[in-house]
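Structural overview for review
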Amino acid sequence: MRNKIWFAVLLCCALTTFSTGLAFGDNEQEVLVLQPDAEGIQRVFIILDSYEYAPARISVEAGVPIEFQLENQSFLTPHNFIIDYPAVGLQHNVSVDAGDSAMIRFLVETPGTYTFYCDKQLLFFPSHREEGMEGRLEVRPAGH
C-alpha cells in the first residue's frame, strides 16, 4: 500500500511539472515588440538554453538597426543562431559556446517573417532545431 501511495505522489508531481512546462512554453510565444532606444537601435537580450530561445518571437521595425545580444546559458551545450535569407540581405550564423555570449548587429529593409534556429546536433540525436530550438523575427514596415 505504501508503494502505491508513493507512486501516486510521484505521478502527480510529474504531471504537475509537465503541465507547468507546457503553460510556461506557451507564454514564451508572446511577441516582444522592440522600439529604437536613444541611439536609434532596436536591442534585445536573447537567452540560448535547453532547446529554446527566450524570447522566441521578436518584432522589429524595418530600416532601423537591430542588435541581438546572445547568451548561451547552457552548462555544457554549444548553440548557434542562424538566420538565412540572402535575398533580403539577412544572413548570419553565430556560434555561442556554453557560458559565452556574442552580439550581432544588422539591418533589415524588407518586412516579413524570418525564422532563426540552432542546427547543432550530437551524433545521431535530433538536431536542436528538431527539438524545437527555433524562433521568429517579425519585421514590420517602417513607421509601424
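The structure presented is a predicted model; accordingly, all values stated were derived computationally and were not measured.

Residues Ile58, Phe68 and Leu137 are the most contacted members of the largest nonpolar core, which totals 26 residues. When residues of this core are traced back to their parent elements, those giving at least two are strand 2 (42-49), strand 4 (57-61), strand 5 (66-72), strand 6 (79-85), strand 7 (90-96), strand 8 (101-106), strand 9 (112-117) and strand 10 (134-140).

On to the packing of aromatic side chains, then. With the rule as written, the count across this model stands at seven aromatic pairs. Note on Phe68 and Phe81: the rings are 5.6 Å apart at their centroids and 90° apart in plane angle, and the pair reads as edge-to-face. Here Phe68 is found in strand 5, whereas its partner Phe81 is found in strand 6, with 13 residues between them in sequence. Feature note: the residues Tyr53, Phe68, Phe81, Phe106 and Phe116 constitute an aromatic cluster, connected by ring pairs.

Attention now moves to the pairing of strand 8. Across the two faces of strand 8 the burial differs, with Ala102, Ile104 and Phe106 buried and Ser101, Met103 and Arg105 not buried at all. Taken together, the six bridges between strand 5 and strand 8 define a ladder with antiparallel strand orientation. Residue pairing in the sheet places Leu70 in a bridge with Ala102 of strand 8.

About the thresholds
- Residues numbered from 1 in each chain as written.
- Predicted model: local features only at pLDDT ≥ 70, side-chain atom pairs only at ≥ 80, totals over all residues.
- Heavy atoms only, no water.
- Core = buried A, V, L, I, M, F, W, Y, C linked by side-chain atoms within 4.5 Å.
- Buried < 20%, exposed > 50% of the residue type's maximum accessible area, 1.4 Å probe, protein only.
- Helix = DSSP H or I, 4+ residues; strand = E, 2+ residues; numbered from the N terminus.
- Phe/Tyr/Trp six-rings, centres within 6.5 Å; stacked < 30°, edge-to-face > 60°.
- Pairing = 2+ DSSP bridges.

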